[in-house]
Amino acid sequence: MLKVTYLGHSCVYATDGKHKLIVDPFLTGNPQATVPAQDIDVDYILATHGHGDHLGDAVEISKRTGATIIAPNELANWVSLRGADAHNMHIGGSYQFEFGRVKLTIAHHGSSAGESGLEYTGNPCGFVFDMGGKTVYHTGDTGLFLDMKLIGELHPIDIMFLPIGDNFTMGVDDAVRAVQFVKPKIAVPIHYNTWEIIAADPNEFARKLQSSGVKVVILNPNQSLEL
Ligand code: NI
Ligand code: MN
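Residues numbered from 1 in each chain as written. Chains lettered and ligands numbered in written order. Predicted model: local features only at pLDDT ≥ 70, side-chain atom pairs only at ≥ 80, totals over all residues. Heavy atoms only, no water.

**Student:** How should the layout of surface pockets be read in this particular structure?
**Tutor:** Considered as a void within the structure, the largest pocket measures approximately 170 Å³ in volume. Along the walls of the largest pocket sit Ile91, Gly92, Lys103, Leu104, Thr105, Ile106, Asp147, Leu150, Ile151, Leu154 and His155, which together make up its complete lining. For the lining of the largest pocket, the secondary-structure elements that each account for two or more residues are β8 (101-106) and α4 (148-154). Counting residues per element, the lining of the largest pocket draws most heavily on β8, at 4 residues. Classifying every residue of the lining of the largest pocket by side-chain character gives 6 nonpolar, 3 polar and 2 charged. (1 Å grid on protein atoms, 1.4 Å probe; cavity = no way out; pocket = protein on both sides within 12 Å on 5 of 7 lines; lining within 4 Å. Points joined across faces, edges and corners; volume = space filled by probe spheres on them. Helix = DSSP H or I, 4+ residues; strand = E, 2+ residues; numbered from the N terminus. Nonpolar A, V, L, I, M, F, W, Y, C, P; charged D, E, K, R; others polar.)

**Student:** In this structure, what is going on with the sheet that holds strand β5 (residues 68-72)? I would like to understand it.
**Tutor:** Backbone-to-backbone hydrogen bonds pair the strands of a sheet. The strands run either parallel or antiparallel. If you trace the 7 strands from one edge of the open sheet to the other, you get β6-β5-β4-β3-β2-β1-β16, paired in mixed fashion. Single-partner strands in this sheet number two, and they are β6 (85-89) and β16 (223-226). Sheet twist, expressed as the mean angle between neighbouring strand axes with direction ignored, is 20°. With 5 bridges joining them, β5 and β6 adopt parallel strand pairing. Within β6, the residue paired with alanine 71 across the bridge is asparagine 88. (Pairing = 2+ DSSP bridges. Axes fitted to C-alpha atoms, helices over the stretch in contact; angles between N-to-C directions.)

By themselves, these figures tell us nothing about what the structure is for.
Below, the structure written as structure tokens:
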């Protein structure tokens, strides 16, 4: 069993009933968030990159709960320096955690953090992870890339979370291509309508994938899906 809950923007909570993790825990200052960061209790935090709308409350949650932040090496070092517990990984690498295996994928984007937003935090990533007998692909922030075909071939994906908001990431049409490349069972659009600059219509995304054989599920913040 895998239960995923969308917490707004790029934030996804996942549990198999025994283990709990959160991806990109941007809750404080997230206009879509309905759950305060202080209410988050997890074992692991998966951080795709250092941008504030992804790393978000990760350090605070880790320090409070003891959760381990799984992140690309430079970002893992950055959060470690700030008192968080971290597991350093890098793109192409995978590791068996208690809940399942995690693999870091490429993501075409940037990664920086800190007060200025200019402190170097290495390369951004996406995550393919297994939990509760299901495989999840959270692409992180990225443009479209052809290697997504390979990711889908190597790892049959049950559920894929991908941005559709354009400007900083894929827009709707490129996201449709991404889904066609990966061929997940379910696709969930994220990273849209948080702010005007990433306004997008998830129904257009769903409509364009109507005959693709992929089920599109549009989740509202705090809405869950059980697989
Ligand atoms: Ni970003
Ligand atoms: Mn972002």
